[in-house]
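Single-letter residue listing:
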Amino acid sequence: MAIEELARASDDLERIEVQLLLEAIYQHYGFDFRGYALGSLKRRLWRRAIGEKVETLSALQDRVLHDPAVMERLLLDLSINVTAMFRDPTFFRAFREKVVPLLRTYPFVRIWNAGCSTGEETYSLAILLKEEGLYERTRIYATDINDRVLERARAGRFPLERMRDFTANYLRAGGQEEFSAYYTVQGDEARFTDELCSQVVFAQHNLVSDAPFNEFNVIVCRNVMIYFGKTLQDRVHELFYDSLDQLGILAMGHKESIRFTRYEDRYEPLDAQEKLYRKMY
Ligand SMILES: C[S@@+](CC[C@H](N)C(=O)[O-])C[C@H]1O[C@@H](n2cnc3c(N)ncnc32)[C@H](O)[C@@H]1O
């Protein structure tokens, strides 16, 4: 076989292995990476294969399917846990201005922060609600599929080097205090006060396969569905619709939208730009 033919055959084989691995991940864990750009995906899959000391992507598939810890490590490699405090400050400003006044009318507020990753978004919500005098009568259920990130969220410790950016976000989001009042410095980490977690329950929940577990006034699920294909997105929208109270609020990420989903007509935009929607019917 000529060199070009050999190279093509090995490319084809790799493509088949990638497709089978992604299909296996989707069917077993619900993560849908099948529509991802192939180049960067391949690099990340190979990084994990080398980390697990296996020589082919088929061998990685075997490890991923039979050992959830390998799947967790692969998830981290695919770096879909990227998050920040007061990420997209304009969203938090809109939340403060448009959602908080509605929440004031409730005696008790239940919020579901779905796909909370390492907790930065949850702590941001807690800080915002505390400043608005609502935190004491709020319960935040912060969930993620990945146990490793939840452990980090519970610890409430974040790299000190990120505080500069987080502080800038906080101020742009309409923060009212000294941001540093919320944490103490321990070595190279910022340790957020326990008080900020007093009304938070961190728990594992898979949006793709787990059932509704409560009724909520607000669901914040940002930058999660962006990783899902259309069928999965529809399933998650059904879950959110079933989990929201009448007039409940759904908050999505800047690159996400309720438009063109089966539930589009059931919501009215509270702030279309910031992807804040209100369940009407
Ligand atoms: C990019 S992070 C978004 C974090 C945060 N919401 C934000 O916007 O900064 C996406 C998170 O969704 C979680 N996730 C992905 N698929 C999930 C699923 N099926 N069920 C629950 N969480 C999931 C990932 O583990 C990850 O922590």
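Residues numbered from 1 in each chain as written. Predicted model: local features only at pLDDT ≥ 70, side-chain atom pairs only at ≥ 80, totals over all residues.

Caption draft 1: Looking closely at the overall build of the chain. Counting its secondary structure elements, the chain contains 9 helices and 10 strands. Each principal axis of the C-alpha distribution contributes one length, and for the chain these read about 75 × 50 × 30 Å. Of all 281 residues assigned to the chain, the portion counted as buried reaches 36%. Considering only intrachain contacts with a sequence separation of at least 6, the fraction spanning at least 24 residues in the chain is 74%. (Helix = DSSP H or I, 4+ residues; strand = E, 2+ residues; numbered from the N terminus. Buried ≥ 20, exposed ≤ 12 C-beta atoms within 10 Å, placed from the backbone. Contact = placed C-beta atoms within 7 Å.)

Caption draft 2: Representation of helix α3 (residues 57-66) in the model. Buried within α3 we find L57, L60, Q61 and V64. Down the axis of α3, the buried side of the element spans an arc of 105 degrees, and every buried residue falls inside it. (Arc of directions from axis to C-beta.)

Caption draft 3: View of the domain arrangement of the chain. Annotation of the chain at the domain level lists domain 1 (3-77) and domain 2 (89-279). Here domain 1 and domain 2 have C-alpha centroids that lie 31 Å from each other. Class assignment of the residues belonging to the side of domain 1 that touches domain 2 gives a composition of 2 nonpolar, 2 polar and 3 charged. (Domains from an automatic or database assignment. Nonpolar A, V, L, I, M, F, W, Y, C, P; charged D, E, K, R; others polar.)

Caption draft 4: Layout of the sheet that holds strand β2 (residues 138-144). What the 7 strands build is an open sheet, ordered β6-β2-β1-β7-β8-β10-β9; its pairing is mixed. Strands with a single pairing partner mark the edges of an open sheet, and in this sheet they are β6 (200-204) and β9 (267-271). Averaged over neighbouring strand pairs, the angle between their axes works out to 20 degrees when direction is ignored. In this sheet, β6 lies alongside β2 in parallel orientation, the contact comprising 5 bridges. Of the residues in β6, the one forming a bridge with D144 is Q204. (Pairing = 2+ DSSP bridges. Axes fitted to C-alpha atoms, helices over the stretch in contact; angles between N-to-C directions.)

Caption draft 5: Fine view of the nonpolar core. Counting 59 residues, the largest nonpolar core has A126, I219, L250 and A251 as its most contacted members. Tallying contributions element by element places helix α6 (residues 120-131) first for this core, with 6 residues. With sequence-adjacent residues up to four places away left out, I219 is seen in contact with W112, A114, F240, S243, L244, L250 and A251. Of all hydrophobic cores here, the second largest spans 14 residues; its members include V18, L22, I25 and L74. (Core = buried A, V, L, I, M, F, W, Y, C linked by C-beta atoms within 7 Å.)

Caption draft 6: Inspection of the site of the ligand at higher detail. The full set close to the ligand counts 23 residues, and T83, G115, S117, I145 and N223 are the nearest of them. Looking at the shell around the ligand, its residues break down into 10 nonpolar, 9 polar and 4 charged. For the shell around the ligand, the two domains that each supply at least three residues are domain 1 (3-77) and domain 2 (89-279). (Near = placed C-beta within 6 Å.)

Caption draft 7: Focus on the sheet that holds strand β5 (residues 189-192). What the 3 strands build is an open sheet, ordered β3-β5-β4; its pairing is antiparallel. At either end of the open sheet lies a strand with only one pairing partner, and these are β3 (157-159) and β4 (183-186). Looking at each pair of strands side by side, their axes are set apart by 30 degrees on average, direction ignored. Where β3 and β5 come together, 3 bridges link them in antiparallel fashion. Its bridge partner being in β5, F158 is matched across the sheet by A190.

Caption draft 8: Spatial organisation of unusual backbone geometry. Even without glycine at this site, F86 takes up a positive phi of about 50 degrees. Within the secondary structure, F86 is located in the loop between α4 (68-77) and α5 (89-103). F86 sits in the buried class, given 28 other C-beta atoms within 10 Å. Despite not being glycine, N223 shows a phi value in the positive range, around 60 degrees. Along the chain, N223 turns up in the loop between β7 (216-221) and α9 (230-243).

Caption draft 9: Representation of the environment of Q176 within the structure. Of note, Q176 is situated in the loop between α8 (163-172) and β4. Linking Q176 and I127, residues 49 residues apart in sequence, is a C-alpha distance of 9.9 Å.

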